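Below are the chains, spelled out letter by letter.
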Amino acid sequence: MSSPPAYPGIRISGCRALGAEGSSNAESLDRLLPPVGTRRSPRKRTTSQCKSEPPLLRTSKRTIYTAGRPPWYNEHGTQSKEAFAIGLGGGSASGKTTVARMIIEALDVPWVVLLSMDSFYKVLTEQQQEQAAHNNFNFDHPDAFDFDLIISTLKKLKQGKSVKVPIYDFTTHSRKKDWKTLYGANVIIFEGIMAFADKTLLELLDMKIFVDTDSDIRLVRRLRRDISERGRDIEGVIKQYNKFVKPSFDQYIQPTMRLADIVVPRGSGNTVAIDLIVQHVHSQLEERELSVRAALASAHQCHPLPRTLSVLKSTPQVRGMHTIIRDKETSRDEFIFYSKRLMRLLIEHALSFLPFQDCVVQTPQGQDYAGKCYAGKQITGVSILRAGETMEPALRAVCKDVRIGTILIQTNQLTGEPELHYLRLPKDISDDHVILMDCTVSTGAAAMMAVRVLLDHDVPEDKIFLLSLLMAEMGVHSVAYAFPRVRIITTAVDKRVNDLFRIIPGIGNFGDRYFGTDAVPDGSDEEEVAYTG
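Heads up: these notes are all about the structure in this document. (Residues numbered from 1 in each chain as written. Predicted model: local features only at pLDDT ≥ 70, side-chain atom pairs only at ≥ 80, totals over all residues. Heavy atoms only, no water.)

## Concerning the packing of aromatic side chains
Counted under the stated rule, the structure contains 10 aromatic pairs. Plain terms: the ring middles of Phe-510 and Tyr-514 are 5.6 Å apart, the flat faces sit at 25° to each other, and that makes the pair stacked. Of this pair, Phe-510 and Tyr-514 both sit in helix α14 (residues 510–515), four residues apart, roughly one helical turn. Taken together, the aromatic side chains of Tyr-121, Phe-137, Phe-139, Phe-145, Phe-147 and Tyr-168 make up a single cluster linked through ring pairs. (Phe/Tyr/Trp six-rings, centres within 6.5 Å; stacked < 30°, edge-to-face > 60°. Helix = DSSP H or I, 4+ residues; strand = E, 2+ residues; numbered from the N terminus.)

## Digging into the sheet that holds strand β25 (residues 493–494)
A sheet is described by the order of its strands in space; here three strands give the open sequence β21-β23-β25, paired in parallel fashion. This sheet does not close on itself; its edge strands, each paired only once, are β21 (440–441) and β25. The pairing of β21 with strand β23 (residues 470–472) spans two bridges and is parallel. Residue pairing for β23: Val-441 is matched across the bridge by Met-471. (Pairing = 2+ DSSP bridges.)

## Description of the state of the cysteines
The final tally for this structure, using the stated rule, is zero disulfides. Here Cys-373 stays free of any disulfide, with the sulfur of Cys-359 as its closest cysteine sulfur at 3.6 Å. With relative accessibility at 26%, the residue Cys-373 sits in the partly exposed group. (Disulfide = S-S within 2.5 Å. Buried < 20%, exposed > 50% of the residue type's maximum accessible area, 1.4 Å probe, protein only.)

## Focus on helix α9 (residues 316–326)
For α9, every residue scored as buried is listed here: Val-318, Met-321, His-322 and Ile-325. For α9, the angular spread of the buried residues around the axis is 100°, confining them to a single face. What points out from α9, more than 90 degrees from its buried face, is the exposed set Pro-316, Arg-319 and Thr-323. On its buried side, α9 packs onto α10 (332–351) and α14. (Arc of directions from axis to C-beta. Contact = heavy atoms within 4.5 Å.)

## Notes on the pattern of salt bridges
Evaluation of the coordinates by the stated rule reveals 16 salt bridges. Residues Asp-358 and Lys-372 are paired through a salt bridge, measuring 2.6 Å at the closest nitrogen-oxygen approach. Of this pair, Asp-358 sits in strand β15 (residues 356–362) while Lys-372 is found in strand β16 (residues 368–374), placing the two residues 14 residues apart along the sequence. Among the salt bridges present, the one from Lys-495 reaches Glu-473, with a minimum N-O distance of 3.1 Å. (Salt bridge = Lys/Arg side-chain N within 4 Å of Asp/Glu carboxyl O.)

## Looking at unusual backbone geometry
The peptide bond linking Leu-385 to Arg-386 adopts the cis configuration, its omega dihedral lying at 0°. Mapped onto the elements of the fold, Arg-386 is located in the loop between β17 (379–385) and α11 (392–398). Each neighbour pair has its own omega, and for Ile-504 with Pro-505 the value is 5°, a cis peptide bond. When you line up the elements, Pro-505 lands in the loop between β27 (503–504) and α14. Unlike most non-glycine residues, Asp-458 shows phi in positive territory, near 65°.

## Thoughts on the packing of α9 against α10
Any two packed helices are characterised by the angle at which their axes cross and by the distance between the axes. In the contact formed by α9 and α10, the axes pass within 9 Å of each other and the chain directions differ by 145°. When the axes of α9 and α10 are compared, the crossing they make is left-handed. Residue-level inspection shows Gln-317, Val-318, Met-321, His-322, Ile-324 and Ile-325 of α9 in contact with α10, the latter providing Phe-335, Tyr-338, Ser-339, Arg-341, Leu-342 and Leu-345. A breakdown of the residues in the contact of α9 with α10 according to their chemical character gives eight nonpolar, three polar and one charged. (Axes fitted to C-alpha atoms, helices over the stretch in contact; angles between N-to-C directions. Left-handed = near helix turned anticlockwise from the far one by under 90°. Nonpolar A, V, L, I, M, F, W, Y, C, P; charged D, E, K, R; others polar.)

## A closer look at the environment of Thr-490
Mapped onto the fold, Thr-490 is located in strand β24 (residues 487–490). The exposure class of Thr-490 is buried, given its relative accessible area of 0%. Put simply, Thr-490 and Val-441 are 49 residues apart on the chain and 9.7 Å apart in space, counted from C-alpha to C-alpha. Other than its neighbours up to four places away in sequence, Thr-490 contacts Leu-309, Ser-310, Val-311, Leu-312, Leu-346, Ser-468, Leu-469, Leu-470 and Met-471. Polar contacts involving the side chain of Thr-490 include one to the main-chain carbonyl oxygen of Ser-468, which spans 2.7 Å. (Polar contact = N/O pair within 3.5 Å; in protein donor to acceptor, adjacent residues only side chain to side chain.)

## Structural notes on the packing of helix α5 (residues 215–229) against helix α6 (residues 234–253)
Taken N-terminus to C-terminus, the directions of α5 and α6 make an angle of 135°; their axes are 10 Å apart at the nearest point. On the basis of their axis angle, the class for α5 and α6 is oblique. Crossing of α5 over α6 shows right-handed handedness. Note on element contacts: α6 touches α5 through Ile-234, Val-237, Ile-238, Gln-240, Tyr-241, Val-245 and Phe-249, opposite Ser-215, Arg-218, Leu-219, Arg-222, Leu-223, Asp-226 and Ile-227. Taken together, the residues of the contact of α5 with α6 break down into nine nonpolar, two polar and three charged. (Parallel < 35°, antiparallel > 145°, perpendicular 65-115°, else oblique.)

## What to know about the side chain of His-457
With respect to the helices, strands and loops of the structure, His-457 is situated in the loop between α12 (445–456) and β22 (464–468). In this structure His-457 touches Ser-162, Tyr-183, Leu-423, Leu-425, Ile-429 and Ser-430, once residues within four positions along its chain are discounted.

## Let's talk about the sheet that holds strand β14 (residues 309–311)
The sheet built from seven strands is open, its strands ordered β14-β24-β22-β20-β17-β18-β19 with mixed pairing. Edge positions in the sheet fall to β14 and β19 (418–424), since each of these pairs with one other strand and no more. Averaged over all pairs of adjacent strands, the angle between their axes in this sheet comes to 20°, without regard to strand direction. Summarising the sheet, β22 and β24 pair through four bridges and their orientation is parallel. Across the sheet, residue Phe-465 finds its bridge partner in β24, namely Arg-487.

Written out as structure tokens, the structure reads:
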């Protein structure tokens, strides 16, 4: 494994001498640790974790970020800047995970992903399993880690993609059957003893931090952790430490300190260093802020409507239903009834664009019938909350056993930009044809974000169908320009959007009229207030 070239780093001063006394039992280990602020619960490092500390709204079924993820792509639908990746290196039990969590708490922003190198231990052979059971396997050697999987996972996370991360069980020294899905990183914190040991991996890190902790303290922490959390005995832990951990630290880990941008002595006790790190990350996030909606409002105008757009034929019946739901005097009951009728027609129309293949069946009369059957694997509906949720019953009525996912996107009232707050998508959605549902699309900002989420989960662009009861030409152009293979299907297209991003002549705020709630001042048609009923 090649070593990356060295470059100068800086060291945060303030390291103080730390000592530790010997002990022969686990109960006496705690008193050997120096006081470094409030006591924290023992860490559990069998899996990587998404951040769960920012402002949240929890219900029995949902977890919704009250501070959303702003656009991570430009008006072309492509990611303009990658997520900011921080690497945290250091010896075993040096406090890397604790420092990472302190950085996350101090950042106070959502959509931060904590990725632990401990999740990426290689699958052991039977012989290696036997060695591990007797503390004779070196888990602190670079060859113990699956660097190919680490690099591919980190690359996808930086590109905004959804990834699956293995869950390692230290009790059995094996990977669990189920893997954890991570998505939506504005900031990635990658921590591990070999975080700086691979040149390709090092190049993916935007900021490199080495947590430098006294060797005696690291030993005491490792004893306490392995005995209390991993079921080891003290003799086995000390044997493994002397045989593998300390030699590997001296040979592979400590030399990587010179590669760090910042060296943090005393780990979590060095609040000055953590404050410096947080300030730098905040400045990087500010540079990455994008203004997508403003770009959409000024782009793609006066162009012919795209070929990927299909508008339901404006029959007298369809025109009549539009007249009713557009009338401001229409009662809520009438609005709901005729909206549901239009939704059913829209869904039926959209299904005609799915791939079908020839098939032959036999009728009850014993005769062959040459017909058609769906040529895909499965159909999944994804609603953009809250208005898109009203289209789910119509989809379920015509698609048996359809799977449903949800995405919550809201407008930031200060910036005017859409923000992603919550998503729940079925497993293996990348194999499905996806019907993306929102009742109105004005600028296309929310629809673009929802499409980008699906693409990040490896749904092919030509398998996405965007359905809406009413769209503005601006929204049609925005989506079609960014994602030219997405099929756009609606019952009507209006010409204009006003200064408040409302469709003109429009339909009003669909969610408020459907659910009977009060309108939000200066809100647009397409991003609705969170509905958690």
